[in-house]
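Observations on chain architecture
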Amino acid sequence: MTPHLEAINDSLLADCERGAEINISNLLTLLGDNKNTAIGRKYGFADIKSYEDYKRAVPVTGYEEHREYIERMRNGENDQLTVYPVIAYCRTSGSTGLPKFIPVTDQVFRHYPLHISRYKSTLAAGNSMRFSINSYRCDPDGAVGNEKVFSEVLYKYYHDMGKLDLSHMIGGMELFFVPEICDIMYAKAYSALCADDMAILEGVYINEVIDFFRYIEDHWQELIRDISERRIPEDRDLPVRVRERLLSSPASKERIRTLERECQKGFEGIAKRLWPGLRLVCCAAVRSSVTEQKLLGGYIGDIPRYNMIYAATETVMGMATGVNTFDNVLIPTCGFFEFMPAGEEGGATLLPHELEVGREYEIIVTTYSGFYRYRIGDVLKVAGYIGEAPLLEFCYRKDLALNLAGEKLTLPQLENAFSALRDEGIEVENYLLGQTVGSMPRRYFGALTLGRETGADVSKRLDTALCRLNYDYEDLRELRIIDRPLVTVLDRRSFDRLSAAVRTGNTIHNKSNHIITTRYTQKEWKELCRNAREE
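Let me sum up the structure you'll find in this document. (Residues numbered from 1 in each chain as written. Predicted model: local features only at pLDDT ≥ 70, side-chain atom pairs only at ≥ 80, totals over all residues. Heavy atoms only, no water.)

**Considering the side chain of asparagine 207**
For asparagine 207, the location among the structural elements is in helix H11 (residues 206-229). Judged by its relative accessible area of 10%, asparagine 207 falls in the buried class. There is a polar contact of 3.3 Å between the side chain of asparagine 207 and the backbone oxygen of leucine 404. In this structure, asparagine 207 is in contact with Glu292, Leu404 and Arg442, ignoring residues within four places of it in sequence. (Helix = DSSP H or I, 4+ residues; strand = E, 2+ residues; numbered from the N terminus. Buried < 20%, exposed > 50% of the residue type's maximum accessible area, 1.4 Å probe, protein only. Polar contact = N/O pair within 3.5 Å; in protein donor to acceptor, adjacent residues only side chain to side chain. Contact = heavy atoms within 4.5 Å.)

**Brief notes about the pairing of strand S11 (residues 360-366)**
With 6 of 7 residues buried, S11 is to be regarded as a mostly interior element. Bridge analysis of strand S10 (residues 336-341) against S11 gives 6 bridges, and the strand direction is antiparallel. Residue pairing across strands places phenylalanine 339 opposite isoleucine 363, the latter belonging to S11. Sheet topology places S11 next to strand S12 (residues 374-386); 5 bridges connect them, and they run antiparallel. Bridging from a neighbouring strand, isoleucine 364 pairs with arginine 375 of S12. (Pairing = 2+ DSSP bridges.)

**A closer look at the sheet that holds S10**
With respect to topology, 7 strands assemble into an open sheet ordered S7-S8-S9-S13-S12-S11-S10, the strand pairing being antiparallel. Of all strands in the sheet, those with a lone pairing partner are strand S7 (309-312) and S10, marking the two edges. Neighbouring strand axes in the sheet, compared pairwise and without regard to direction, differ in orientation by 45° on average. (Axes fitted to C-alpha atoms, helices over the stretch in contact; angles between N-to-C directions.)

**Things to note about unusual backbone geometry**
Apart from glycine, the bulk of residues carry a negative phi angle, and the bulk of peptide bonds sit in the trans form. With phi around 50°, arginine 373 is a residue other than glycine that occupies positive phi space. Positionally, arginine 373 belongs in the loop between S11 and S12. By relative accessible area, arginine 373 is classed as buried at 4%. In this structure, lysine 408 takes a positive phi of about 50° despite not being glycine. By the element assignment, lysine 408 lies in the loop between strand S14 (400-402) and strand S15 (409-410).

**Examining the pattern of salt bridges**
Counted under the stated rule, the structure contains 38 salt bridges. One salt bridge in this structure joins glutamate 262 and arginine 273, with 2.9 Å as the shortest N-O distance. Remark: arginine 273 occurs in helix H14 (residues 270-274) and glutamate 262 occurs in helix H13 (residues 253-264); sequence separation between them is 11 residues. Note on arginine 273: relative accessible area 24%, which makes it partly exposed. Its salt-bridge partner being glutamate 429, residue arginine 492 comes within 2.4 Å of it at the nearest N-O pair. Remark: glutamate 429 occurs in strand S16 (residues 428-435) and arginine 492 occurs in helix H19 (residues 492-506); sequence separation between them is 63 residues. For arginine 492, a relative accessible area of 48% translates into the label partly exposed. Residue classification places glutamate 429 among the partly exposed residues on the basis of a relative accessible area of 26%. Residues joined by salt bridges that share partners form a network here, namely Arg225, Asp226, Glu229 and Arg231. (Salt bridge = Lys/Arg side-chain N within 4 Å of Asp/Glu carboxyl O.)

**Thoughts on empty space enclosed by the protein**
For the coordinates displayed, the defined rule picks out 2 cavities of 30 Å³ or more. Empty space within the largest cavity amounts to approximately 80 Å³. Lining the largest cavity are Gly19, Ala20, Asn23, Leu330, Pro332, Phe337, Leu351, Pro352, His353, Glu388 and Ala389. Sorting elements by how many residues they give to the lining of the largest cavity places helix H2 (residues 19-33) first, with 3 residues. Per-class residue counts for the lining of the largest cavity are 7 nonpolar, 3 polar and 1 charged. Put simply, the second largest cavity is a space of about 40 Å³. Around the second largest cavity, the lining residues are Ile39, Lys42, Tyr43, Val58, Thr61, Glu65, His66, Tyr69 and Tyr372. Looking at the lining of the second largest cavity, the elements that each hand over two or more residues are helix H3 (38-43) and helix H5 (64-74). In terms of residue class, the lining of the second largest cavity is made up of 5 nonpolar, 2 polar and 2 charged. (1 Å grid on protein atoms, 1.4 Å probe; cavity = no way out; pocket = protein on both sides within 12 Å on 5 of 7 lines; lining within 4 Å. Points joined across faces, edges and corners; volume = space filled by probe spheres on them. Nonpolar A, V, L, I, M, F, W, Y, C, P; charged D, E, K, R; others polar.)

**A short note on the environment of glutamate 344**
Along the chain, glutamate 344 turns up in the loop between S10 and S11. Placed 18 residues apart in sequence, glutamate 344 and glutamate 362 show a C-alpha to C-alpha distance of 9.5 Å. A polar contact is formed between the side chain of glutamate 344 and the side chain of arginine 359, at a distance of 3.3 Å.

**Comments concerning the sheet that holds strand S4 (residues 200-205)**
Within a beta sheet, neighbouring strands are joined by backbone hydrogen bonds and run either parallel or antiparallel to one another. Read across the open sheet, the 4 strands follow the order S3-S4-S5-S6; overall the sheet is parallel. At either end of the open sheet lies a strand with only one pairing partner, and these are strand S3 (130-132) and strand S6 (305-306). Bridge count between strand S5 (residues 280-284) and S6: 2 bridges; the pairing is parallel. Residue pairing across strands places cysteine 282 opposite tyrosine 306, the latter belonging to S6.

**Focus: the layout of surface pockets**
Its volume calculated, the second largest pocket comes out at about 180 Å³. Secondary structure elements with two or more residues in the lining of the second largest pocket: helix H10 (184-194) and helix H12 (240-247). The residue makeup of the lining of the second largest pocket, split by class, is 6 nonpolar, 3 polar and 2 charged.

**Some thoughts on the packing of helix H17 (residues 458-469) against helix H18 (residues 471-478)**
Think of two packed helices as two axes; the pair is described by the angle between the axes and how far apart they sit. Where H17 contacts H18, the axes come no closer than 5 Å and their chain directions differ by 120°. When the axes of H17 and H18 are compared, the pair comes out oblique. Residues Asp463, Leu466, Cys467 and Leu469 of H17 form the contact with H18, whose own contacting residues are Tyr471, Tyr473, Glu474 and Arg477. Its residues placed into classes, the contact of H17 with H18 shows 5 nonpolar, no polar and 3 charged. (Parallel < 35°, antiparallel > 145°, perpendicular 65-115°, else oblique.)

**So, the state of the cysteines**
In this structure the tally under the stated criterion is 0 disulfides. This cysteine, cysteine 182, is not joined by any disulfide, and cysteine 138 carries the nearest cysteine sulfur, 14 Å off. Left without a disulfide partner, cysteine 194 is nearest to the cysteine sulfur of cysteine 263, which lies 12 Å away. (Disulfide = S-S within 2.5 Å.)

As structure tokens, this is what we get:
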């Protein structure tokens, strides 16, 4: 097995070798099972016998073509999009602000093989102690509930099915499922520092792992003091069961001395010094996240990083092929997949085994949750093949502007937010907007020019507009993961100088002088604004 294919076990490899056959089989199964649903009757699923029939009968769609059916499903009507039982509806932000409710059925998880957990266990080399930076807002003893994120539904489903073993999870059930909004980062850092046997550290996104290490770097003295005194300050907003769990696993005196000694040395390469047995850091990153990778590398050194899965709320699509790579192999069992050449709107669609290596394509999915020929919006580059399954590298999400922590702020949402400010009498002429790295909480930064002076708090008004337009942004603000934007008002000449300074190598969109830049530290951004004023 080549170095970047070590995660591909024999079972997945066999599926990849039969990728084309499995893909078509999935399509015919989905159409056959759902032929008597409302959408199945509309498009004549019962008469579709081939992929060519499917393309002729069913157009390429987006969420709006499914919205009416989903609203009926949420109101209790059965057999609209799918006959499979719906576990939950995940609420996400629509591209323009109207929320989307994504149905998730049990079939999604039944067709998602557990290759990743097996691979992580192999890399841990016998030590299976894991630590999750994330907590999931589900009551383990209650119903799944709606308006969850996909990962919460996934873990709750596996817990209910008896497939989620938390006996090797540092912090246990009490720190893994935390429905309450609370001071969870303190609890996570406290729990992790007490443990000396961590083998795998897991986060969903790379920024979350950076935040975890930054929190320890900023608060290590307070944390070690509390650990050594075996206490949790009363002003820490934590549920009783979380407090009890933290205090039930105290650190030894030797462990406390190690923590003090290593933290005093500084935080370059701190991960291996605090947890000598740490063998793997799991978190999603893309090739363009150079700044984030550099920041994380400062903490974890040469510990391998693993991207885990490639997924959207609508379905799981791929799995990272190994450590320190951005390649994901398309998992043939997870649905029916098509691809459209990027930039060729309305162009002919292709099957996974028909793609050209080196080209970019938009993925189109037919899922076990009731989406048919559905455009997620992701553009992927084909890096190669394993059998008949393509290796895919994520390039970008269409219309995506910024993404601090999974909120996926789109260009239409951004334009609508500034339109809302104009409706309130704040005459925004030009703006720059970007996202910070390396600081907590995360936030957008921005600069703008105004048609006339106003006494309004522009930062607060923009924050309010983004909360209204993007549900996930509002949720992350409530969770204190994102702070309100840092906005600087500049005169036109200063704005032009700032625009010129950030455009080179950092501009991802430039439309009518509404420029969106990406990834500066707060210190760097403030210095750029100061220099623009002083020139």
